[in-house]
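Chain by chain, the residues:
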Amino acid sequence: MVDIAQQTAVNAASARDAAAARARVPLTSIDPGQWRALAQRTIEPNGYYLPGWELAVSATACGRTEASALAAFEASSTRLIGLMPVISLWRAWKIPLPALVSAHPYGTLCSPLIDRDVPIEAATRLLKQAREARAHALVLNDVALDGAAMTALNQVLNRDGLKPRLLSSYIRASLDATQDGETLLRDALGAKKLKELRRLRHRLEEHGPVVFEVARGRDEIGPALETFLQLEASGWKGKRGTALIQHAGDTTFIRRAVPALAETAQCEIVTLRAGMTPIAAGIVLRHQDRAFFFKLGIDERFAKYSPGVQLTLDLTRHLCADPAIASADSMACADHPMINPIWRGRFAIGDVLIPLRRNDPVVALIHAALTGLNVAHQAARRVVHRLRK
């Protein structure tokens, strides 16, 4: 009888292990066609969870490889209706508690892909997959707090008597690209500031004609990417050792991701030149009707002409003139001194702890650990800020 009981326990444990393995799968096991189709139907755009981007990140990007996924499929078919790239809490912050965390896709936006046709079913099944993966909580980093994806998740949580906890938040700049570009810039900056920027641009023309270029196709986007990488590494990011080209895995990721998204018209590189000299460049992702300003690189020898601002002015006009784009996410930190005065739209970004079971004491432990971690990070940032003064 003892042997039978032991064998029964072993079988039950094996079944649970198998279910957990099925609930959380490697990103590479998701059918790319299904993933792309879901991205077209998703309730909220997120260019960083497009397959061409996130698969490249997970393959080689420094500290971001080998992400898993919670994948939700429609009950009546095999259609993919939800996707949430994740890693373990231990992998994220070395906290030995049973939770899953948004896989960081290099851009600061981790809103999951949720099918707009069946958002409640998709959100329900994503949470169910997390439970079956033996997680007690989900930690969603850098999600749009008032976005459609978080709204769908909140509806399911409210229905099930669960309450998410906000860990941290900030306000980020965005662009309303439905407006006329010139009118928007004049309202944002004022006539005096625009006049000063035009004066700087005229002075910049002493180095040659100032030209704004947009690279989209594979043949042109490759050279434009190399220009961007050199510009980024030539500035303060290069001095800090955080430029993409300074890490082999990051370089491989970006050289794979940009052409992959360019093939589907979901990435472009904008460059500002003075004569033959590139003085600023930026990578812009596009998903549905939203653009995402991923990164900016400038030639600091031209700093007195405000090359980053000049490029952003041209990018603003470019996006406002594009009928396919309704808004743009700056991807910037709170109170960013360059882009906040130009892009005057605002939305809330935050980190959210989602409990997966009612009255779960483990969630309280996870919340305490994350709160302590956040306090430590804030203290470290204050020390660094004082040292840089």
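This section reports on the structure supplied with the text. Keep in mind it's a predicted model, so treat the numbers as computed, not measured.

### Topic: the overall build of the protein
Here is step 1 of the chain: Looking only at helices and strands, one finds 12 helices and 13 strands in the protein.
Here is step 2 of the chain: Taken against the 2.2 N^0.38 rule, which gives 21 Å for 389 residues, the C-alpha radius of gyration of the protein at 23 Å falls within 12% of a compact globule.
Here is step 3 of the chain: With the C-alpha coordinates of the protein rotated into their principal frame, the extents come out at 90 × 50 × 40 Å.
Here is step 4 of the chain: Restricting the contact set of the protein to residue pairs at least 6 apart, pairs at least 24 apart contribute 76%.
Here is step 5 of the chain: Entry remark: accessible area of the protein is about 17,900 Å², with carbon and sulfur atoms responsible for 55%.

### Comments concerning the packing of aromatic side chains
Here is step 1 of the chain: Summed over all chains, the structure comprises 9 aromatic pairs.
Here is step 2 of the chain: Centre to centre, the rings of Trp 53 and Phe 253 are 5.1 Å apart; their planes meet at 90°, and the pair counts as edge-to-face. In this pair, Trp 53 sits in helix α3 (residues 51–60) while Phe 253 sits in helix α10 (residues 248–262), placing the two residues 200 residues apart along the sequence.
Here is step 3 of the chain: Between Trp 53 and Phe 294, the aromatic rings sit 5.0 Å apart at their centres with planes inclined by 80°, giving edge-to-face as the arrangement. One end of the pair, Trp 53, is in helix α3; the other, Phe 294, is in strand β11 (residues 290–298), with 241 residues separating them in the sequence.

### Thoughts on the side chain of Glu 268
Here is step 1 of the chain: The residue Glu 268 is located in strand β9 (residues 267–274) in this model.
Here is step 2 of the chain: Polar side-chain contacts of Glu 268 include one of 3.3 Å to the side chain of Arg 216.
Here is step 3 of the chain: Not counting residues within four places of it along the chain, the set of residues in contact with Glu 268 comprises Val 214, Ala 215, Arg 216, Ile 221, Gly 282, Ile 283, Val 284, Arg 286, His 318 and Leu 319.

### A short note on the environment of Thr 183
Here is step 1 of the chain: Mapped onto the fold, Thr 183 is located in helix α7 (residues 181–204).
Here is step 2 of the chain: In this structure the C-alpha to C-alpha distance between Thr 183 and Ser 102, which are 81 residues apart in sequence, comes to 38 Å.
Here is step 3 of the chain: For Thr 183, the side chain forms a polar contact with the side chain of Asp 180, separated by 2.8 Å.

Thresholds applied
- Residues numbered from 1 in each chain as written.
- Predicted model: local features only at pLDDT ≥ 70, side-chain atom pairs only at ≥ 80, totals over all residues.
- Heavy atoms only, no water.
- Helix = DSSP H or I, 4+ residues; strand = E, 2+ residues; numbered from the N terminus.
- Rg over C-alpha atoms; globule rule 2.2 N^0.38 Å.
- Contact = heavy atoms within 4.5 Å.
- Areas by Shrake-Rupley, 256 points an atom, 1.4 Å probe, with all protein chains shown as cover.
- Phe/Tyr/Trp six-rings, centres within 6.5 Å; stacked < 30°, edge-to-face > 60°.
- Polar contact = N/O pair within 3.5 Å; in protein donor to acceptor, adjacent residues only side chain to side chain.

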